[in-house]
Protein chains: 2
Amino acid sequence: MPGGVIMTDVNVLERLERIIRSDEGVPPERAAELSVLLDEPPIQDVVALVERSSATRAAVVLRLLSRRRAIEVFDALDAAHQADLIDALGDNSVYEFFAELDPDDRVSLLDELPAEIAERLMRTLDDTERDITGVVLGYPKGSVGRRMSPEVPHIYEDLTVDEALEKLRRVANEAETIYTLPIISRDRLLVGVVSLRDLFTAEGSTGLVELMSKPVFANAHDDEEETARWFLPLDMLAMPVVDDSERLVGMLTFDDAVDIVEEADSEDTARSGAHEPLQQPYLSTPLVKIVKSRIVWLLVLAVSALLTVQVLDTFEDTLAAAVVLSLFIPLLTGTGGNTGNQAATTVTRALALGDVRPRDVVSVAWREIRVGMLLGAVLGSIGFLLATVVYGLNIGIVIGSTLLMVCTFSATVGGVMPIIAKKVGADPAVFSNPFISTLSDATGLIIYFLIAKSVMGL
Amino acid sequence: MPGGVIMTDVNVLERLERIIRSDEGVPPERAAELSVLLDEPPIQDVVALVERSSATRAAVVLRLLSRRRAIEVFDALDAAHQADLIDALGDNSVYEFFAELDPDDRVSLLDELPAEIAERLMRTLDDTERDITGVVLGYPKGSVGRRMSPEVPHIYEDLTVDEALEKLRRVANEAETIYTLPIISRDRLLVGVVSLRDLFTAEGSTGLVELMSKPVFANAHDDEEETARWFLPLDMLAMPVVDDSERLVGMLTFDDAVDIVEEADSEDTARSGAHEPLQQPYLSTPLVKIVKSRIVWLLVLAVSALLTVQVLDTFEDTLAAAVVLSLFIPLLTGTGGNTGNQAATTVTRALALGDVRPRDVVSVAWREIRVGMLLGAVLGSIGFLLATVVYGLNIGIVIGSTLLMVCTFSATVGGVMPIIAKKVGADPAVFSNPFISTLSDATGLIIYFLIAKSVMGL
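What you see is a predicted model; the values in this text were computed from it and never measured.

(A) Representation of the relation of the copies chain B and chain A within the structure. For the pair chain B and chain A, the relating rotation is 180°, the translation along its axis is 0.0 Å, and the fit reaches an RMSD of 0.1 Å. Taken together, the rotation and translation relating the two chain copies correspond to the operation of a two-fold axis. Looking at chain B, 100% of its interface residues are interface residues in chain A too, so the copies touch through the same face.

Structural data, given as structure tokens:
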């Protein structure tokens with residue numbers, strides 16, 4: 001177990017979990033015992049424990065923790081979970097947690113809360129803090145401006161290393177990050193960045209302009225996911241964020257970028273599995289919420305699948321004349337669906353990572369046509385042989401050529417659909433598994449019966 | 001476009017891309033022009049350009065960049081892509097890039113290279129560097145030890161703040177991170193951590209023991225993915241890694257954790273889409289590699305789908321007696337597959353994030369049984385009504401009750417399979433989409449025909 005060697009006694013966590021999960025709640029005489037127990041395990045284990053528990057039980061754990069530890073744990077939760085906890089905690093502790101959050105995390109939390117509670121919480125902040133949260137709130141949802149930290153030390157380009165270090169020492173406690181420092185002109189234009197490491201090893205009398213390098217930066221209106229995806233692989237701790245007139249307005253730190261990518265990936269995974277993301281850990285999500293996250297998708301997909309009933313209805317005479325054809329329906333639609341999903345998940349992931357851009361649509365289509373034909377040739381040959389041996393030459397020809405055509409068609413459609421989805425502003429992940437399957441089912445059946453009719457002369 | 005306001009001229013990138021992608025290669029007289037062009041765009045755009053290009057073309061770009069920029073770009077690529085580039089670059093530049101990499105990144109790269117090339121590269125390093133890479137190499141693949149950075153400053157617990165800062169200044173250039181500092185006893189046991197920020201704002205004469213806090217840390221033998229998943233949400237820059245006798249052996253930095261999670265997520269996405277991960281950007285992957293990453297899965301799934309042919313073959317008489325039954329085959333198997341995939345993707349993701357552990361299997365099964373029944377009740381009622389209106393009461397009853405049972409069955413199996421996979425050491429993502437669909441296809445058909453036979457008296 002991670003971190004387990006020095007500090008964790010696994011039994012402590014097991015005992016804790018049993019006490020907290022038991023339906024009787026925590027009797028006052030055990031609270032003291034629990035409080036001591038909770039101080040032992042490493043912070044990440046307490047976070048995991050809280051995430052697995054329902055909001056009420058998580059609130060019990062939080063109240064039993066020491067104040068500093070409770071804030072650390074609360075801070076590590078995602079905004080949706082924090083919002084649930086706020087419901088469960090008493091007002092006083094809520095204000096405490098809220099005031100201790102970094103402004104950008106506070107904004108994420110406010111987004112999740114009902115307007116009325118959000119307003120009450122905002123009133124508890126002092127003026128400066130409210131202003132800072134306000135600056136962050138000025139940018140649209142999904143923009144870098146909503147995720148950046150506005151608490152940036154102002155380091156001017158005309159300072160020396162010693163002057164800059166002196167200034168930093170004074171403001172170090174308020175800034176979210178002091179390890180990557182944006183350098184600005186006196187009118188707040190971003191002119192460079194310098195790392196604390198560089199400041200730290202340089203001569204004290206050196207001017208900052210000599211040390212600083214060209215900044216990597218983002219605009220506050222940039223899309224948060226796109227920005228986080230290119231920023232993270234650069235392995236930097238933070239980067240400056242500027243407004244449209246190139247003035248410094250904040251910093252985007254790596255941990256915010258990690259959160260953004262994590263949320264986006266959870267969303268993609270959920271959509272490609274034909275449901276909405278849960279926003280909170282599975283075991284602590286109420287049953288009704290899980291059903292809601294799935295039912296709409298299932299209904300839409302079932303209604304689209306009525307198309308296959310229609311197609312088969314059209315070919316009912318062919319089916320009645322050769323019932324043997326119906327034996328292969330699930331095999332053929334399944335293979336088409338799998339081929340389409342392979343292409344779709346690959347391209348969806350490539351789009352998310354920026355490896356493929358919407359204008360690459362033609363190269364993607366051309367690649368997938370060839371890949372699909374190769375796959376179809378292999379599967380089709382095997383299908384031809386097997387079906388011929390068991391059901392005769394005619395069926396063999398029908399199965400073999402259907403597999404070839406279905407694979408080519410599905411791979412192409414599967415590769416192109418996510419790009420089209422992105423172009424029209426929909427989530428590409430929606431077009432990986434669920435819809436591709438339904439679409440290729442219906443098309444595959446049409447291909448199948450047209451080939452069967454002509455080969456078998458029905 | 002990110003970072004586009006101050007420095008990027010989009011046309012520069014477009015022009016570059018056109019020159020590089022053109023099949024004629026780069027004529028010497030244009031190299032100088034390109035070299036200047038490449039110095040303009042922000043580093044992340046050059047990285048993206050290199051990732052989208054084939055290895056040969058990426059090598060051209062790298063050779064045209066200034067030395068410092070080239071190393072930055074090479075560093076930002078993943079190990080698989082670096083290995084491809086090494087093939088394409090001349091020996092001299094390779095040694096240069098290799099020597100500049102951090103030891104942990106070097107290890108990832110060595111893993112990707114053919115043994116012969118890896119050995120030749122290792123010989124280019126001086127003794128100290130080879131030792132460091134050797135320490136990292138001593139741990140098994142997939143362990144934290146392979147990803148950590150062994151270049152850690154030794155800060156002893158008996159130092160004062162000023163002494164520690166002085167020491168740091170001397171070693172700052174070699175260490176991968178100096179912002180999170182592990183504090184060790186004279187025999188290298190890990191006793192605490194302190195941040196540079198804290199050192200920086202403290203009184204110079206303070207002893208480190210007064211400043212340091214309880215460390216969050218990992219063991220070098222811990223699983224890399226598990227460790228990275230709990231480490232990242234803690235929003236820390238780095239954490240100490242210890243050996244089995246609790247001695248400090250390295251640091252795991254956030255950017256290594258980001259890489260680990262990114263690789264794991266790409267693998268999960270690929271497997272749940274029924275193929276192997278590509279390890280390199282889609283557009284620069286050779287066609288044959290793409291086909292290889294998919295064909296084995298397709299074959300295995302097609303062979304499993306022969307089960308559905310078997311099932312239908314068994315019920316051929318029933319089908320012949322009521323051809324209308326075959327119309328609903330794709331609808332029913334599709335809905336079962338969708339329900340199973342919903343449960344499977346949710347649970348697979350929850351397993352990856354640590355929200356669900358293998359021993360939660362009973363709670364997961366119980367949740368999914370109820371969710372499946374609720375979903376089945378809704379879909380079944382609608383199916384009953386529609387089918388009754390169009391095809392009569394008997395068919396309505398068959399379709400309605402089949403949907404109820406198939407949804408319950410598929411959700412339960414879909415939720416439990418990933419957990420079983422994890423227990424037997426397989427990749428849970430494998431059991432999301434592909435196999436669940438095939439399994440629920442066959443079972444769904446059996447349920448369907450058994451119900452049909454008893455209701456319709458066939």
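(B) Spatial organisation of the pairing of strand 5 (residues 238-242) of chain B. All names here are of chain B. Here strand 5 lies mainly inside the structure; five of its five residues are buried. Where strand 4 (residues 218-219) and strand 5 come together, two bridges link them in parallel fashion. Directly across from N219, in strand 5, lies its bridge partner V242. The handedness of the strand 4 to strand 5 crossover, carried by helix 15 (residues 224-231), is right-handed. Here strand 5 runs beside strand 6 (residues 248-253); their pairing, made up of five bridges, is antiparallel. If you follow A238 over to strand 6, its bridge partner there is T253. Remark: five residues form the turn of the hairpin made by strand 5 and strand 6, two consecutive strands paired antiparallel; E246 in that turn has positive phi of roughly 65°.

(C) Up close: the pattern of salt bridges. All names here are of chain A. Following the criterion strictly, the structure yields 24 salt bridges over all chains and no others. Of the charged contacts, one joins R186 and D158 as a salt bridge, the two residues approaching to 3.1 Å between their closest N and O atoms. In this pair, R186 is assigned in the loop between strand 2 (180-184) and strand 3 (190-195) and D158 in the loop between strand 1 (155-156) and helix 12 (161-171), connecting sequence segments 28 residues apart.

(D) Examining unusual backbone geometry more closely. All names here are of chain A. The phi dihedral of R188 falls on the positive side, at around 70°, and the residue is not glycine. In this structure, R188 sits in the loop between strand 2 and strand 3. Using a relative accessible area of 32% as the deciding quantity, one classes R188 as partly exposed.

(E) Structural detail: the interface of chain B and chain A. Taken together, the 127 residues of chain B in the interface contact 127 residues of chain A. For the pair chain B and chain A, the summed buried area comes to about 11,500 Å², and 64% of that belongs to carbon and sulfur atoms. Contact with chain A buries surface across chain B, with R197, F200 and Y282 of chain B losing the most and accounting together for 7% of the total. Here chain B and chain A share four salt bridges between them. Close ionic contact of E262 of chain A with R349 of chain B constitutes a salt bridge, the shortest N to O distance being 2.4 Å. The greatest single-element share of the side of chain B that touches chain A, amounting to 16 residues, is contributed by helix 17 (residues 287-314) of chain B. The residue makeup of the side of chain B that touches chain A, split by class, is 71 nonpolar, 25 polar and 31 charged.

(F) Representation of the packing of aromatic side chains. Tallied over the entire structure, the rule returns eight aromatic pairs over all chains. Seen in terms of ring centroids, F254 of chain A and F254 of chain B are 3.7 Å apart; in terms of plane orientation they differ by 35°. Their pairing is tilted. Taken together, the positions of F254 of chain A in helix 16 (residues 254-272) and F254 of chain B in helix 16 (residues 254-272) put the pair across two chains. For the pair F254 of chain A and F254 of chain B, one class covers both residues: buried. Centre to centre, the rings of F328 of chain A and Y391 of chain A are 5.3 Å apart; their planes meet at 80°, and the pair counts as edge-to-face. Here F328 of chain A, found in the loop between helix 18 (316-321) and helix 19 (329-353), pairs with Y391 of chain A, found in helix 20 (residues 361-391); they are 63 residues apart in sequence, far enough to count as distant. With a relative accessible area of 5%, F328 of chain A lands in the buried category. Clustering of aromatic rings is evident, with ring pairs tying together F315, Y448 and F449 of chain A.

The rules behind the values
- Residues numbered from 1 in each chain as written.
- Chains lettered and ligands numbered in written order.
- Predicted model: local features only at pLDDT ≥ 70, side-chain atom pairs only at ≥ 80, totals over all residues.
- Heavy atoms only, no water.
- Least-squares fit on C-alpha atoms with pLDDT ≥ 70 in both.
- Contact = heavy atoms within 4.5 Å.
- Buried < 20%, exposed > 50% of the residue type's maximum accessible area, 1.4 Å probe, protein only.
- Helix = DSSP H or I, 4+ residues; strand = E, 2+ residues; numbered from the N terminus.
- Pairing = 2+ DSSP bridges.
- Right-handed = clockwise from strand over helix to strand, strands pointing away.
- Salt bridge = Lys/Arg side-chain N within 4 Å of Asp/Glu carboxyl O.
- Buried area = accessible area lost by both parts, 1.4 Å probe.
- Nonpolar A, V, L, I, M, F, W, Y, C, P; charged D, E, K, R; others polar.
- Phe/Tyr/Trp six-rings, centres within 6.5 Å; stacked < 30°, edge-to-face > 60°.

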